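Residues per chain, in single letters:
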Amino acid sequence: KWIEIYNPGSTAIDLAAGGYRIGLWANANREAWKTGTAPGSSTALSNSIPAGGTFLIKNSSAVLPAYAVADMTSGA
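Residues numbered from 1 in each chain as written. Predicted model: local features only at pLDDT ≥ 70, side-chain atom pairs only at ≥ 80, totals over all residues. Heavy atoms only, no water.

(A) Structural detail: the overall build of the protein. If you tally the helices and strands in the protein, you get 0 helices and 7 strands. In sequence order, the protein lays out its α and β elements as β-β-β-β-β-β-β. Summarising the internal contacts of the protein: among those between residues at least 6 apart in sequence, 58% fall at separations of at least 24. Carbon and sulfur atoms make up 55% of the accessible area of the protein, which totals about 5100 Å². (Helix = DSSP H or I, 4+ residues; strand = E, 2+ residues; numbered from the N terminus. Contact = heavy atoms within 4.5 Å. Areas by Shrake-Rupley, 256 points an atom, 1.4 Å probe, with all protein chains shown as cover.)

(B) Looking closely at the sheet that holds strand S1 (residues 2-6). The 3 strands are arranged S1-S6-S7 in an open sheet whose pairing can be described as mixed. The sheet is open, and its two borders are formed by S1 and strand S7 (72-74), each paired with just one other strand. For this sheet the average axis-to-axis angle between neighbouring strands, irrespective of direction, equals 25°. Bridging between strand S6 (residues 54-59) and S7 involves 3 bridges; their strand directions are parallel. Within the sheet, the bridge partner assigned to Asn 59 lies in S7 and is Ser 74. (Pairing = 2+ DSSP bridges. Axes fitted to C-alpha atoms, helices over the stretch in contact; angles between N-to-C directions.)

(C) Local environment of the pairing of S6. Judged by how many residues are buried, S6 sits mostly within the fold: 5 of 6 residues are covered. Note that S1 and S6 share 5 bridges and pair antiparallel. Looking at S6, one finds that Glu 4 is bridged to Leu 56. (Buried < 20%, exposed > 50% of the residue type's maximum accessible area, 1.4 Å probe, protein only.)

Keep in mind these values describe shape, not function.
Below you can see the structure in the form of structure tokens.
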């Protein structure tokens, strides 16, 4: 229910300008990404990841632990 993206580089990454997306495949089709099948739903990522920083995405049905602060919430 959580995905963390890490930027190991020395410059920030603009997720929107790069066209980054996150996709969700349902349990029945969880291996479909290997054959190039499109996800059941997807969301365009926005914001940027600073050099050496992270970007935390939480699923809208995930429970938020007290120590985690999501940068973005998505149903995908």
